[in-house]
Amino acid sequence: METDLRLESSLWIGNKRYRAVLTGWHLKWTEADKKNGDKKTVSVPVAEVVGVENGRVEILPQKSVEDTDKDFTVFYIKRSRSRSTYGLLWSLGRTQFSCPSRVLRDQWTNHLRTALKTHSPLRPHRLLVFINPFGGKKKGREIYHSLVAPLFELAGISSHVIVTERANQARDHLLKKDLTGFDGVVCVGGDGMFSEVLHGLIGRTQQEAGLCETDPAVTLQPCPLHIGIIPAGSTDCVCYATVGVIDPVSSALHIIIDSQPLDVCSVHHASTLVRYSVSLVGYGFYGDVLAESEKHRWMGPLRYDYSGTVVYLSNRSYAGIVQYLPADPLLSSPKDKTRCLSGCNVCSRSTERLFPHTSDSGSLYSSHFSQYSNDSEGEWVSVEGRFRCVSITCMSSSCARSPLGLSPSAHLADGTGDLILVWDTHPLSFLKFLYRHTSTQDQFDLPFVEVHRVKAVRFSLPDGREEEVHEGIGELNRAIEEREYVDTVSRNGSQQQLAQSVVERETMNEHKTVASILCGLCCKKTPAVSVWNCDGEILPFTEIFCRIHGQLVRLYARGIEDGAAMQNCSQESDKNKSRCITYK
Ligand SMILES: CCCCCCCCCCCCC/C=C/[C@@H](O)[C@H](CO)NC(=O)CCCCCCCCCCCCCCC
Ligand SMILES: Nc1ncnc2c1ncn2[C@@H]1O[C@H](COP(=O)(O)OP(=O)(O)OP(=O)(O)O)[C@@H](O)[C@H]1O
Ligand SMILES: [Ca+2]
């Protein structure tokens, strides 16, 4: 294969002559008329070539085509360090080559296109795109059409675009409409839009597999369609934690070339499925911040800082019983100070453990899944007391507020979650814990903080506590519970019932806000229970059971690329290098 695709000739860039070589894995060009010591070689991995066009072509910021006979343009991934984050920004690199003849030009473009097909056969061809026109700064439509669509076109990807008109439209579409021919689903929006797509795709996959999502013991079927995220929301935590930067062009380029499995946590109450989560299932502080922030939506993203301050000053802690099933401690630890970066070994080994019959389990695209296998599990552990917060996260949950995240050493795809227990403590100590999230200081190195790598968690209230539940919150929960039940039944029922459930869910959201506002106004008492924050949604139940499903979905991403680590890649084999070369 390598020899078939090999092509070597002189090419011109501007008025300089280069020796260009296409091998199976790389396109390289070296200045020809320089002394050996001054010769610089640019090497682009074929896996990072986005597209090849005849003529002298530009794509961004505006498309322009000069249809000349002897020229061709190669577009590829270019990296730069981001000032504000740890990940690397990707942009579209472009080089225009001139050939001495049209025949040679056609030979180059044909060889390059064949190399792309051979080495990147699993790139998406057709995508379903949902744009939330109201997410974040309300720029979703503009971002997609000006920055993303031109890149998809260049990469030969066709897309069907739906601008949503209501909440849950994307989820409902994925649950019931024909998805034949689509390789993946892209959401343009924030974590809320991602969550809609996540629920739609997981639900659809289980329906088609005839599996019952409500049973926490069931091994769920991994989703065959990939999910892509174009960040255009308020927090964009899932994008930040899986790509390392909040940048629509970087994300569009990842959608074109990448694949990354992701763990998902299912949250259950009694025998119902409540929700799925990938970033935060949090009780106490984070639940209270979310509930408080719902009253101040008009503040935009700032509402979280305002609500965080209000909740911090209210100085609350909550009683609870936390039971957890520890993950195998020999595999990794949340305190091992490692980071899950692109090509992470812990995650690759987990792929082999979770799907042992997959032949190419370590490769970028392994789309066949087998049954979930239990490794050496420990015994359930139970702790009881008062907590400032109880958080479960399947990944680091890094975001702009906390660049290393809730659990800096958590892994995207190792089949485990991290349980963070913050025991009741002095307000200043708790502030110290919160503040450490904003720096590289270890938030777990505090005497009132525990962190455990887990596979499942159960939370319950101590005996008698339920009766103490604050009236307003109790009412709120009952109202939501009723509607959530209707919603769950409807998802497994007829289309008419499903349509009914959409109306019910929207009313439920209004009830949530009204009930919490009334509650805040009518009563100054500290509530005995908090609420759960599940990826930015308030859960209608206090007693829950969570289970981590290893690599249940796949994103168009590759995990965070670390600038420093990239430069250590120079000694890698050609195949690995294709994932870590830096362009200057
Ligand atoms: C002194 C500075 C302390 C800064 C503390 C920063 C901690 C930040 C931790 C961020 C964790 C994000 C987890 C991701 C959750 C997402 O799935 C979800 C959906 O988008 N977002 C939220 O629920 C939104 C939740 C947003 C939570 C923000 C909490 C902000 C706390 C501010 C506390 C200020 C205390 C000041 C006292 C004087
Ligand atoms: N057309 C629409 N009208 C109203 N709501 C919508 C629409 N489309 C999607 N939504 C809902 O809007 C919510 C927030 O959207 P999204 O996550 O894209 O933006 P965001 O700015 O990050 O959100 P948030 O302000 O909640 O952080 C989602 O939960 C989604 O269900
Ligand atoms: Ca994980």
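Heads up: these notes are all about the structure in this document. (Residues numbered from 1 in each chain as written. Chains lettered and ligands numbered in written order. Predicted model: local features only at pLDDT ≥ 70, side-chain atom pairs only at ≥ 80, totals over all residues. Heavy atoms only, no water.)

**Some points on helix 10 (residues 345-354)**
Think of an α-helix as turning once every 3.6 residues; residues three or four places apart then point the same way. For the record, the criterion: The classification of residues rests on relative accessible area computed with a 1.4 Å probe and restricted to protein chains. Under 20% of the type maximum is buried, over 50% is exposed, and intermediate values are partly exposed. To qualify as a helix, a DSSP run of H or I must reach at least 4 residues; to qualify as a strand, a run of E must reach at least 2; elements of each kind are numbered from the N terminus. Within this analysis, the arc is defined by the directions that extend from the helix axis to the C-beta atoms. Contact definition: two residues touch when any of their heavy atoms are within 4.5 Å.
Along helix 10, the residues classified as buried are V346, C347, S350, T351 and L354. Viewed end-on, helix 10 has its buried residues packed into an arc of 145 degrees, placing them on one side of the element. Where the residues of helix 10 are buried, they touch strand 23 (544-555).

**Some points on the coordination of the calcium ion (ligand 3)**
Going by this rule: Only nitrogen, oxygen and sulfur atoms within 2.8 Å of the metal, or 3.2 Å for Na, K and Ca, are treated as donors, and water is left out, so sites may look incomplete.
The protein atoms donating to the calcium ion (ligand 3) are D263 (OD), C394 (O), H411 (O), D414 (OD) and T416 (O), with metal-donor distances spanning 2.3 to 2.5 Å. Going along the chain, you hit the donors of the calcium ion (ligand 3) in the pattern D-x130-C-x16-H-x2-D-x1-T. One end of the pair, C394, is in the loop between strand 18 (381-393) and strand 19 (417-423); the other, H411, is in the loop between strand 18 and strand 19, and 17 residues separate them in sequence. Taking the relative accessible area as the measure of exposure, C394 reaches 2% and is therefore buried.

**Section: the site of ligand 2**
Our working rule: For this description, a residue counts as near a given molecule or strand if any of its non-hydrogen atoms is within 4 Å of it. Two N or O atoms count as a polar contact when they lie within 3.5 Å, although within protein this holds only if one can serve as hydrogen donor and the other as acceptor, and sequence-adjacent residues are included solely when both atoms are side-chain atoms. Here, Shrake-Rupley sampling with a 1.4 Å probe gives the accessible areas, and only protein chains in the shown set may cover a residue. Residues are grouped as follows: Ala, Val, Leu, Ile, Met, Phe, Trp, Tyr, Cys and Pro are nonpolar; Asp, Glu, Lys and Arg are charged; all remaining types, including Gly, are polar.
Neighbouring residues of ligand 2: 21 residues in total, closest G136, T164, G190, G192 and E196. T164 is positioned with one of its side-chain polar atoms (N or O) 2.8 Å from a nitrogen atom of ligand 2. Contacts to ligand 2 include S234, whose side-chain N or O atom sits 2.8 Å from an oxygen atom. Isolated, ligand 2 exposes 620 Å² of accessible area, and the fraction of that covered by the protein chains is 80%. When residues of the shell around ligand 2 are traced back to their parent elements, those giving at least two are helix 5 (191-209) and helix 9 (303-314). For the shell around ligand 2, the element with the highest residue contribution is helix 5, accounting for four residues. Partitioned by chemical class, the residues of the shell around ligand 2 number five nonpolar, 10 polar and six charged.

**Some remarks on the packing of helix 4 (residues 169-176) against helix 5**
Convention followed: Fitted lines through C-alpha atoms serve as axes, helices being fitted only where they are in contact, and the angles separating the N-to-C directions of these axes extend from 0 to 180 degrees. Between 65 and 115 degrees an angle is taken as roughly perpendicular, under 35 as roughly parallel, over 145 as roughly antiparallel, and anywhere else as oblique. For any helix crossing, the convention is left-handed if the near helix is rotated counterclockwise from the far helix by under a right angle, and right-handed if that rotation is clockwise.
For the pair helix 4 and helix 5, interaxial distance at closest approach is 8 Å and the crossing angle is 15 degrees. Accordingly, the angle class assigned to the pair helix 4 and helix 5 is roughly parallel. Once helix 4 is placed against helix 5, the crossing between them reads as right-handed. Contacts from Q169, A170, R171, H173, L174, L175 and K176 of helix 4 reach helix 5 at M193, E196, V197, H199, G200, L201, G203, R204 and Q207. Grouping the amino acids of the contact of helix 4 with helix 5 by side-chain chemistry returns six nonpolar, six polar and four charged.

**Details of the site of ligand 1**
Around ligand 1 sit 20 residues, and of these D191, S279, Y312, N533 and D535 come closest. Between D191 and ligand 1, the recorded distance is 2.6 Å, taken from a side-chain N or O atom to an oxygen atom. For ligand 1, whose free accessible area comes to 850 Å², the fraction covered by protein is 87%. Classifying every residue of the shell around ligand 1 by side-chain character gives nine nonpolar, eight polar and three charged.

**Examining the pattern of salt bridges**
Stated formally: Any carboxyl oxygen of Asp or Glu that lies within 4 Å of a side-chain nitrogen of Lys or Arg is treated as forming a salt bridge with it.
What the rule picks out here adds up to 24 salt bridges. The salt bridge involving D288 is made with R316; its shortest N-O contact spans 3.4 Å. Of this pair, D288 sits in helix 8 (residues 285-294) while R316 is found in the loop between helix 9 and strand 17 (318-326), placing the two residues 28 residues apart along the sequence. Given a relative accessible area of 23%, R316 falls into the partly exposed group. Between R297 and E294 there is a salt bridge; the shortest N-O distance is 3.1 Å. Classification of R297 by relative accessible area gives partly exposed; the value is 48%. Salt bridges here are not isolated pairs; linked through shared partners, they connect E48, R79, D258, R558 and E561.

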